[in-house]
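Spelled out from the first residue to the last, the chains are:
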Amino acid sequence: MNRKVLGIDFGTSTIKIVKAGKGIVLDEKSVIAIFKKTEVLATGDKAYEMYEKAPVNINVSYPVKNGVIADLSNMNMLMQSFFNKLSEGHGKLKGYDYYIAIPTDITEVEKRSYFDVILSTKTRPNKIRMVEKPIADALGMDLDILDSTGVLMVDIGANTTEISVLSLGGIIFSKLIPIGGNSFDEDIINMARRKYNFVIGSKTAENVKKEIGSAMPARGEIVVYGRNTISGLPGELVLDAGEIHEALLEDLQAIMDNIKVILERTPPEVSADIYRSGIYVTGGSSKLENLAEFITISTGLKVNFDEEPENTVINGLGTIINNPQYNKLIADER
């Protein structure tokens, strides 16, 4: 078996890379900081530290938006930086095979951009293979998706939620909706501004979500720091878990509504499998407190989680890379 193989999960907020026989070798924020549009100042976690703090001559951005590559030029520079970092500990990466996880519900042009990113680097890839994310998710959760049992996967990521029905190693239905963890953060930001005339940043909102955010009514409070829009001065504000729950409710219900749409289109025999096994929920934003209870109340189905929901895609790619019998699951190859 060719051990010169890398798998890449181009997440909206985080990029992960797995190497054959080595496991995950890179896990960094999908962020790049560029000075005066040309000079790369920082990438990954170091660039994320600059986010929402940089002066106007430094552009700090996420090249991936809504599950697809939105800024090809910046993504090319970001990946070249990551490959340079990897080559320091793993030798030159020339001639590798690449397995890339992609959303199912995207256009051919959007799919092509993933190929272009790898081809633009100095790695001279051997082959580039595409694996649909729901397939990788299922394998990452140790599901036997090659048999005839139907599976419902819900991957709640940073910018998107992908809802998919799988059977016999293929995807029956899949829908990508623009709601994810960043949407939850924006809900919290909007609530604070609307209710208290108080502005907080996205990092603060994310921390609020992690500390007291809940899909079900909850108790607790947290102090946040930001700016009062009336006085224009810095200040602090106490937020409680109840109002955070209310802020998140609309987007959570939108995810449930889309799950129900997929379930309504699912063939009866597959529906029977899903009823017996329940919904498999993954993605970094699935860590929201009490999410399982909320989904069960909304759908009547039990919920299965993974211990590392943020890593199911990259772990699934690792499974395919290290087990040739899963090569039949490759969606595209060039």
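Everything in this summary refers to the structure shown in the same document. (Residues numbered from 1 in each chain as written. Predicted model: local features only at pLDDT ≥ 70, side-chain atom pairs only at ≥ 80, totals over all residues. Heavy atoms only, no water.)

Overview of the sheet that holds strand β14 (residues 198-199)
Inference 1: Strand order in the open sheet formed by three strands is β14-β15-β16, and the pairing between neighbours is antiparallel. Each edge of the open sheet carries a strand with a single partner, namely β14 and β16 (234-240).
Inference 2: Where β14 and strand β15 (residues 221-228) come together, two bridges link them in antiparallel fashion. Paired with Phe198 across the two strands is Asn228, which belongs to β15.
Inference 3: The strands that helix α6 (residues 202-212) touches are β15 and β16; relative to β15, the one it contacts most, it runs at about 170°. (Pairing = 2+ DSSP bridges. Helix = DSSP H or I, 4+ residues; strand = E, 2+ residues; numbered from the N terminus. Contact = heavy atoms within 4.5 Å. Axes fitted to C-alpha atoms, helices over the stretch in contact; angles between N-to-C directions.)

What about helix α4 (residues 133-140)?
Inference 1: Taking burial as the measure, the eight residues of α4 include eight buried ones, the bulk of the element.
Inference 2: Within the span of α4, buried status applies to Lys133, Pro134, Ile135, Ala136, Asp137, Ala138, Leu139 and Gly140.
Inference 3: Downstream of α4 by a residue or two, Asp142 has a phi angle that is positive, lying close to 60°. (Buried < 20%, exposed > 50% of the residue type's maximum accessible area, 1.4 Å probe, protein only.)

Some remarks on the packing of α4 against helix α10 (residues 312-322)
Inference 1: Following both chains from N to C, one finds α4 and α10 inclined at 85°, their axes separated by 7 Å at the closest point. The angle between α4 and α10 falls in the class roughly perpendicular. Across the interface between the two elements, Lys133, Ala136, Asp137, Leu139 and Gly140 from α4 touch Thr312, Val313, Asn315, Gly316, Leu317, Thr319 and Ile320 from α10.
Inference 2: For the contact of α4 with α10, the residue count by class is five nonpolar, five polar and two charged. (Parallel < 35°, antiparallel > 145°, perpendicular 65-115°, else oblique. Nonpolar A, V, L, I, M, F, W, Y, C, P; charged D, E, K, R; others polar.)

What about the layout of surface pockets?
Inference 1: In this model, the largest pocket occupies a volume close to 1,200 Å³.
Inference 2: Residue lining of the largest pocket: 48 residues in total, with Ser13, Gly157, Ala158, Asn182 and Ser285 positioned closest to the centre.
Inference 3: For the lining of the largest pocket, the secondary structure elements donating two or more residues are β1 (5-10), β2 (14-19), β7 (64-65), α5 (181-196), α6 and α10.
Inference 4: Ranked by the residues each element gives to the lining of the largest pocket, the list is headed by α6, at seven residues. (1 Å grid on protein atoms, 1.4 Å probe; cavity = no way out; pocket = protein on both sides within 12 Å on 5 of 7 lines; lining within 4 Å. Points joined across faces, edges and corners; volume = space filled by probe spheres on them.)

What to know about the pattern of salt bridges
Inference 1: Applying the stated criterion to the full structure yields 10 salt bridges.
Inference 2: Measuring nitrogen to oxygen at the nearest pair gives 2.6 Å for the salt bridge that ties Arg276 to Asp273. Separated by three residues within a single helix, Arg276 and Asp273 lie in helix α8 (residues 268-277), roughly one turn from each other.
Inference 3: In this structure Arg276 comes out as exposed when scored by relative accessible area, which is 57%.
Inference 4: Given the relative accessible area of 14%, Asp273 is considered buried.
Inference 5: Residues Lys287 and Glu310 are paired through a salt bridge, measuring 3.2 Å at the closest nitrogen-oxygen approach. Residue Lys287 is located in the loop between β17 (279-282) and α9 (291-299), and its partner Glu310 is located in the loop between β18 (303-305) and α10; the two are separated by 23 residues in the primary sequence.
Inference 6: Of the residues examined, Glu310 reaches a relative accessible area of 29% and is grouped as partly exposed. (Salt bridge = Lys/Arg side-chain N within 4 Å of Asp/Glu carboxyl O.)

Looking at the packing of aromatic side chains
Inference 1: Taken as a whole and judged by the stated rule, the model has three aromatic pairs.
Inference 2: Between the aromatic rings of Phe10 and Tyr114, the centroid separation amounts to 5.5 Å while the plane-to-plane angle is 65°, which identifies the pairing as edge-to-face. You can see Phe10 sitting in strand β1 and its partner Tyr114 sitting in helix α3 (residues 108-120), a full 104 residues away along the chain. Residue Phe10 shares its accessibility class with Tyr114, and that shared class is buried. (Phe/Tyr/Trp six-rings, centres within 6.5 Å; stacked < 30°, edge-to-face > 60°.)

Thoughts on a nonpolar patch on the surface
Inference 1: Together, Val223, Tyr225 and Val238 give the surface a local cluster of nonpolar side chains, amounting to about 280 Å² of exposed area.
Inference 2: Checked against the element boundaries, Val223 lands in strand β15.
Inference 3: On the basis of relative accessible area, Val223 is assigned to the partly exposed category, the value being 39%. (Patch = residues over 30% accessible without salt bridge, like charges linked within 9 Å, V, L, I, M, F, W, Y side chains within 5 Å. Areas by Shrake-Rupley, 256 points an atom, 1.4 Å probe, with all protein chains shown as cover.)

Considerations on the environment of Ser214
Inference 1: Among the structural elements, Ser214 can be located in the loop between α6 and β15.
Inference 2: In this structure Ser214 comes out as buried when scored by relative accessible area, which is 1%.
Inference 3: For the pair formed by Ser214 and Ile244, sequence separation is 30 residues and the distance between their alpha carbons is 7.5 Å.
Inference 4: The residues touching Ser214, leaving out its near neighbours within four places in the chain, are His245, Leu248, Leu288, Glu289 and Asn290.
Inference 5: Of note is the side chain of Ser214, whose polar atom sits 2.9 Å from the side chain of Asn290. (Polar contact = N/O pair within 3.5 Å; in protein donor to acceptor, adjacent residues only side chain to side chain.)

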